[in-house]
Amino acid sequence: QALFGIAQGGIDPTRRAQSSQFMADLDLPGYSIGGLSVGEKDDEFLAAIEISCENLPPEKPRYLMGVGSIPELIYSVEMGVDMFDCVMPTRNARNGMLFTTNGIMNIRNKKWEDDFTVIDDGLKNGISNVHSRAYLKHLVKCREMLGAQIASIHNLSFYLWLVGEARKHIQLGDFTTWKNVMVKKLMTRL
């Protein structure tokens, strides 16, 4: 366990910077960035994260609270955020939305009814490579709990893959190029 201070300040640049600097001065094991993802505009959201990251020590973990959309996650990583938590992967899975390495899939759509290809061959896990889209659609349509479970495990696997890819491209030094391609690709509706 570790005590993380929470930098607040909303979208006000001065308050955000003051709160982040106050937390940094406490010399804690890590820092949370809170008070965001509550309906602010994208540019305000990103500016607030940038201000927090500029004022928090880069050598200590930075945790962005309650944020999990694909673009927000990728842009935040670029600014120096290390950790996230969000209900999005599992909540959306329970409602039939799958995040895949090729884009977003609504498994409830009729077009998946006779698609016996695997859920996502871009992921290297058992769930995404064993079950077909047609089978998952059937389970979700019938409200079978197994459908929600498979979809949730798939989405969590996707998020692990995504942050692993981000890390790989940071290490390769081509993160910005990767980011520009991936945000567009991953937000495509299949």
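Residues numbered from 1 in each chain as written. Predicted model: local features only at pLDDT ≥ 70, side-chain atom pairs only at ≥ 80, totals over all residues. Heavy atoms only, no water.

Enquirer: What am I meant to see in the layout of surface pockets here?
Expert: Take a probe with the size of a water molecule and roll it over the atoms, and the empty space left behind shows itself. Approximately 420 Å³ is the volume attributed to the largest pocket. What lines the largest pocket is a set of 18 residues, and nearest its centre among them are L73, D82, M83, F84 and V163. Taken together, the elements giving at least two residues each to the lining of the largest pocket come down to α3 (70-79), β4 (83-84) and α7 (145-172). Broken down by class, the residue content of the lining of the largest pocket amounts to 14 nonpolar, 1 polar and 3 charged. (1 Å grid on protein atoms, 1.4 Å probe; cavity = no way out; pocket = protein on both sides within 12 Å on 5 of 7 lines; lining within 4 Å. Points joined across faces, edges and corners; volume = space filled by probe spheres on them. Helix = DSSP H or I, 4+ residues; strand = E, 2+ residues; numbered from the N terminus. Nonpolar A, V, L, I, M, F, W, Y, C, P; charged D, E, K, R; others polar.)

Enquirer: In this structure, what is going on with the packing of aromatic side chains? I would like to understand it.
Expert: How two aromatic rings sit relative to each other is set out by the distance from centre to centre and by the angle between their planes. Inspection of every chain in the model, using the stated rule, returns 5 aromatic pairs. Considering the side-chain rings of F99 and F158, the 6.1 Å spacing of their centres and the 25 degrees angle between planes classify their relative orientation as stacked. Separated by 59 residues along the polypeptide, F99 in strand β5 (residues 97-100) and F158 in helix α7 bring together distant segments of the chain. The same class applies to F99 and to F158, which are both buried. (Phe/Tyr/Trp six-rings, centres within 6.5 Å; stacked < 30°, edge-to-face > 60°. Buried < 20%, exposed > 50% of the residue type's maximum accessible area, 1.4 Å probe, protein only.)

Enquirer: What is the right way to look at the pattern of salt bridges in this model?
Expert: Opposite charge on two side chains allows them to pair when their charged atoms are near. Inspection of every chain in the model, using the stated rule, returns 5 salt bridges. One salt bridge in this structure joins K60 and D27, with 2.5 Å as the shortest N-O distance. Taken as a pair, K60 in the loop between α2 (42-55) and β3 (62-64) and D27 in the loop between α1 (13-25) and β2 (30-33) lie far apart in primary sequence, 33 residues in all. For D27, a relative accessible area of 55% gives the class exposed. R133 is the salt-bridge partner of D115, the closest N and O atoms lying 3.2 Å from each other. Of the two residues, D115 sits in the loop between β6 (103-106) and α5 (126-130) while R133 sits in helix α6 (residues 133-141), which places them 18 residues apart along the sequence. A single burial state applies to D115 and to R133, both of which are buried. (Salt bridge = Lys/Arg side-chain N within 4 Å of Asp/Glu carboxyl O.)

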